[in-house]
Structures are given as C-alpha cells and as structure tokens.
Amino acid sequence: MPDILLTLSEVFMRTYEGFLKAALVTLKITAIAIVLGTVFGIVFALMKISRSKILQTIANLYITLIRGTPLIVQIMFLYYGITSIVVLSNFWAGAIALGVHNGAYIAEVFRGAIQGVDRGQREASLALGMNRSQAMRRIIFPQALRRAIPPLGNQFIITLKDSSLVYVIGVTELFGLANREAASSFLPFETFLVVGMYYLVLVLIFTGLLKLYENKLNVDKS
Amino acid sequence: MIKTMNLHKSFGDLEVLKGIDIDINPGEVVVLVGVSGSGKSTLLRCLNFLEKAQEGDILIDGRKVDRKKEDLSKVRAEVGMVFQHFNLFPHKTVLENIMEAPLIVKKEDKEKAKKLSLALLGKVGLSDKADVYPNKLSGGQKQRVAIARALAMEPKALLFDEPTSALDPELVGEVLQVMQDLANDGMTMVVVTHEMKFAKEVADRIIMLDEGRIIEDADPETFFNHSTNERTRQFLEMVNV
C-alpha cells in the first residue's frame, strides 16, 4: 500500500472516535440552526409580504444586514454581543448565530415560494369567505412549502457546511477538532482530507433524505 | 338581492366602470355581455369585493356593505364565485376542495360537511371523483367541482366569470348543463359569458356593457331580436347571432 493511504488509515483509526463525537456536535448545531432559521425565515417572509410598511422595513433591514456581512463576522459579533449580556455557552451562541444567518436566506426562499403561488388561489379562498390569514394558512402556504422544498434543501446543506465556522468561537465540532488534530499530529493534509470526507458523507445523507421527502410529496400530489 | 349604486372603478388612470346601477332580483339569471375591455368582468369582481370600487355602494339583501374586513368575508361567504380558470386547490382532493370552506369558514362539523359535499358532488355528476386530486380531472370536470365548491357555502347568489372560456369546445356543454340546472332550481346568478346560446335560453335578463357603462338591460327576446341600440346590434353581428 502506498504511504499516503497508510498514513490516512492510521489517522482515520486514531481519530474516528473523536470525529464521530464532533460530527454529532456538527449535526446538533445544524439542526438547531435549521429549525431556528426556518422559523425566522417564515416570520420575516410574512413580514416582507405584509401590508404594513413598518414590518416590511424591519424585514428588509434584517435581510440586508445578514446578506451584506460575512457569517464569520456575525458569529463573532453575536458571541461577544450576547455573552456580554447573558451567560451562554459557545455552542448555543454559535447555533443561534447560524440560525439567525440562515433565517435571512430562508426568508427569501419562502417569499419567492409564496409569491409564486397562482393569484387565483388567493382569490378563490377569499371568494369562499376565508379571511386573509385562513387563506394563507390553509391554501397558499401549503402550496408554497412544496415549491420551497428544493431551495430549502439546498440552504440546509449550506448550513451544514457553514457550521464549520463556529470553530472560531471554540466549539469542538468537526472542523474545530480537525484543526487541533492537524496541529498536534503534524499531519494537516491527511487530517483535513479525513474531515472533508465526514462532511461529504453527512451531505450525501442529507441529500438522500431530501430526495426521499420530495418524492413523497410528489406521489401525494398526483 | 344585489344592487349597485353609481359604481365607479379605475385602474390607475383607466376608468373601467363609469357609474353602474344594477338591481338583481332573487332567483334571477342575469348575463353580462360586452366586448373585451367593456368592464363586465370587473363589474362582476366588484360584486364580491375582489375588486374594490372607488365610488358607489353595493347593497346585498337591501343592506349596504360596509367595507371592513369582517364584513367582506361575510359578503363573500354569501355570494359565491366560479372562475374562468377554476382555481381549485391542487393540494386537496376533490372532496376536500368542497369541504374546505364549510369546515373553515362556517366551522361546520366534519361529518355534516362531508355529507353535504358528497351530495353536491352527486349533483354535478362527479360522485366517483371524490378522492382524486384536481390534476386528474378534465377542464369540464374541474369547473363542475368548482361549482360544487361554491355551492357548499350555500350562497344566496353565484357569480360566474367566463366559466367556459378556458374549456375545450366539447367540454362546454356539461358545464352549461350544470348551470342551467342551478338556474332551474332558482339560484340567483350573474354570469359573464360569450355563450350566446346560454344567454338566449337561460337568462332572464341580459345587460350589455360598453366602455364602462350599461347601454342595454333587457330580456333575451328584446335583446337579441328587437334591440334598437346601435352598439348592441354591432355586437350581435360580431358574435354571429
């Protein structure tokens, strides 16, 4: 066996216990960020399409600020900002920062999906005597959700990979651990190759699950 | 039943309705005709406030409609509408489409709503389609479901906005048949259509709009055979009757 493969397998065997634990941290942060981001996303999307100028302005401000600054800056800002007011672990600070960041992108996904639903759907709902919120909840949003699934899945995968950035505030997730391993073992190339594979496997699992869900929706519809 | 007084509606600089007064009696079938751009669809959509007239009043059952939100939902629950493009809910089955408004708007219990919906589905001849999704239906079937959906609210009147214009010619008849049955049952109906045969045979009154004004309001016999209005005669020549 060539040397590189030997070293790789040696690195893999030595680190897999740590990396599996770190992968769990990565998944937890990602899951929290996705849930938080989706809630933020829906709320801000509804604000953006509401008739209130004030709500629209708030939503636009949020989206502009988040999309206009780097995620790593937001993580640092939120970590030092929040922890100066309340006691918060770096894990939670990172997860919240990632969630707030995602919310802006997910808001745009939902806004597009909601506005993409045929106008006639809203008119038919109103014509039956529904009020605006009933029409949104029962008729428009469920259809928008279907349209939102593919771009949403894409955003979730970005979130999973972006979670690596919370290493800057000292969270021991996959990338944070890889950094330390690389330094202590003097094998940066092999270590980052291994951690890259962990991410790849997680992303592939994500993609597969999303595909399954999309297929299920398509079967239901027809 | 439905009465409008001096209705004006503009889109930007374009004035589409220039003072419309109509008075539709209970059980009457009124057909609105006119060339495209004459304002007939806009007038129809003003009657259930999908478009809001800038000026003038609408009275339903003699009561002036206040334009507060709750009131509008209430009016719309009483005055149903059937659209050119059906606008069925694609994520719900045929039965769910029909049950939706009774469940959500009227808060009826599920069993009762289901029973009513199945009965209406029978009435439009589609009992066997209860559990399929709209994308499995033909245009004619979709429109019949849409009519059943509007009827599920037990409306006092129904508005039809070019209900057969989006259909293949061979599917028009089945929809008109359902509408004719409704008319025979005494439903109050306001219909925008290009089906002159339907107008002739089913309508009690025909109202002709031209450039945002009513230029003729007559029974079908008078309208089709004895109109003295120049524009009406031109229109009738154009549509070949």
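Just so we're clear, the structure is a prediction, and the values are computed from it rather than from any experiment.

Draft legend 1. Here's a closer look at the sheet that holds strand β2 (residues 14-24) of chain B. All names here are of chain B. Ordered by their spatial adjacency, 4 strands build an open sheet running β2-β1-β4-β5, and the pairing between neighbours is antiparallel. A single partner strand is all that each edge strand has here, and the edge strands are β2 and β5 (63-64). Strand direction decides the pairing type here: strand β1 (residues 2-11) and strand β4 (residues 55-60), joined by 5 bridges, are antiparallel. Its bridge partner lying in β4, H8 is registered against E55.

Draft legend 2. Spotlight on the nonpolar core. B:I147, B:F160, B:M179 and B:M189 are the most contacted members of the largest nonpolar core, which has 50 residues in total. For this core, the element with the highest residue contribution is helix α6 (residues 169-184) of chain B, accounting for 8 residues. Once residues lying within four places of it in the same chain are set aside, the contact partners of B:M189 are B:E28, B:V29, B:V30, B:L158, B:F160, B:M179, B:L182 and B:A183. Counting residues in hydrophobic clusters, the runner-up holds 40 residues, among them A:A127, A:L128, A:I139 and B:L209.

Draft legend 3. Broad picture of the packing of helix α2 (residues 53-68) of chain A against helix α4 (residues 90-116) of chain A. Residue and element names in this part refer to chain A. Interhelical geometry of α2 versus α4 gives an angle of 115° and a closest axis separation of 9 Å. Helix-helix and strand crossings are classified by hand; for α2 and α4 the assignment is left-handed. Together, Y62, I63, I66 and R67 of α2 and V100, H101, G103, A104, Y105, A107 and E108 of α4 make up the contact between the two elements.

Draft legend 4. Spatial organisation of helix α5 (residues 139-151) of chain B. In a regular helix each residue adds 1.5 Å, so 13 residues correspond to 18 Å; α5(B) covers 18 Å between its end C-alpha atoms and thus fits that length. The buried count for α5(B) comes to 12 of 13 residues, which makes it a mostly enclosed element. Burial in α5(B) covers these residues: B:G139, B:G140, B:Q141, B:Q143, B:R144, B:V145, B:A146, B:I147, B:A148, B:R149, B:A150 and B:L151. In this structure, the buried side of α5(B) is in contact with α5 (119-127) of chain A together with β6 (79-82), α3 (94-104), α4 (110-123), β7 (157-161) and α6 of chain B.

Draft legend 5. Quick look at the interface of chain A and chain B. The interface is formed by 24 residues belonging to chain A together with 27 residues belonging to chain B. For the chain A and chain B pair, buried surface summed over both sides reaches about 2,000 Å², with 58% attributable to carbon and sulfur atoms. Broken down residue by residue, the surface that chain A buries against chain B is led by A:A127, A:L128 and A:R138, which jointly contribute 29%. Connecting chain A to chain B are 2 salt bridges. One can count 7 residue pairs in polar contact (both at pLDDT 80 or more) joining chain A with chain B. For the side of chain A that touches chain B, the secondary structure elements donating two or more residues are α5, α6 (132-162) and α8 (188-221) of chain A. When residues of the side of chain A that touches chain B are assigned to their parent elements, the largest contribution, 8 residues, is made by α5(A). Counted by class, the side of chain A that touches chain B contains 7 nonpolar, 8 polar and 9 charged residues.

Rules behind the numbers
Position numbers for residues count from 1 along each chain, tracking the sequence in the order it is written. Here every chain gets a letter starting at A, and every ligand a number starting at 1, in the order they are written. Confidence filtering applies because this is a predicted model: local features only for residues at pLDDT of at least 70, side-chain atom pairs given and counted only at 80 or more, and all residues used for totals across whole chains, interfaces and linings. Calculation of side-chain values draws on the structure's entire complement of heavy atoms; hydrogens and water are dropped beforehand. Note on pairing: DSSP must find at least two bridges between two strands before they are called paired. The way it works is that DSSP assigns letters per residue, a run of H or I at least four long becomes a helix, a run of E at least two long becomes a strand, and they are numbered from the N terminus. We define a nonpolar core as any set of buried Ala, Val, Leu, Ile, Met, Phe, Trp, Tyr and Cys residues linked to one another through side-chain atoms lying within 4.5 Å. To sort residues, take the accessible area from a 1.4 Å probe on protein chains only and compare it with the maximum for the residue type: under 20% means buried, over 50% means exposed, and anything in between is partly exposed. Residues are treated as being in contact if the distance between any of their heavy atoms lies within 4.5 Å. The convention used is that axes are lines fitted to C-alpha atoms, helices contributing only their stretch in contact, and that angles between N-to-C directions extend from 0 to 180 degrees. Left-handed describes a crossing whose near helix is turned anticlockwise from the far helix by less than a right angle; the clockwise case is right-handed. Expected helix span is taken as 1.5 Å per residue step, with the number of steps being one fewer than the number of residues. Buried area is understood as the total, over both parts, of accessible area removed when two parts are fitted together, assessed with a 1.4 Å probe. Every case where a carboxyl oxygen of Asp or Glu lies within 4 Å of a side-chain nitrogen of Lys or Arg is listed as a salt bridge. Here a polar contact is recorded for every N or O atom pair within 3.5 Å, except that within protein the pair must consist of a potential hydrogen donor and a potential acceptor, and residues adjacent in sequence are included only if both atoms are side-chain atoms. Amino acid classes used here: Ala, Val, Leu, Ile, Met, Phe, Trp, Tyr, Cys and Pro are nonpolar; Asp, Glu, Lys and Arg are charged; the rest, including Gly, are polar.

Geometric descriptors of this kind do not, in isolation, establish any biological role.
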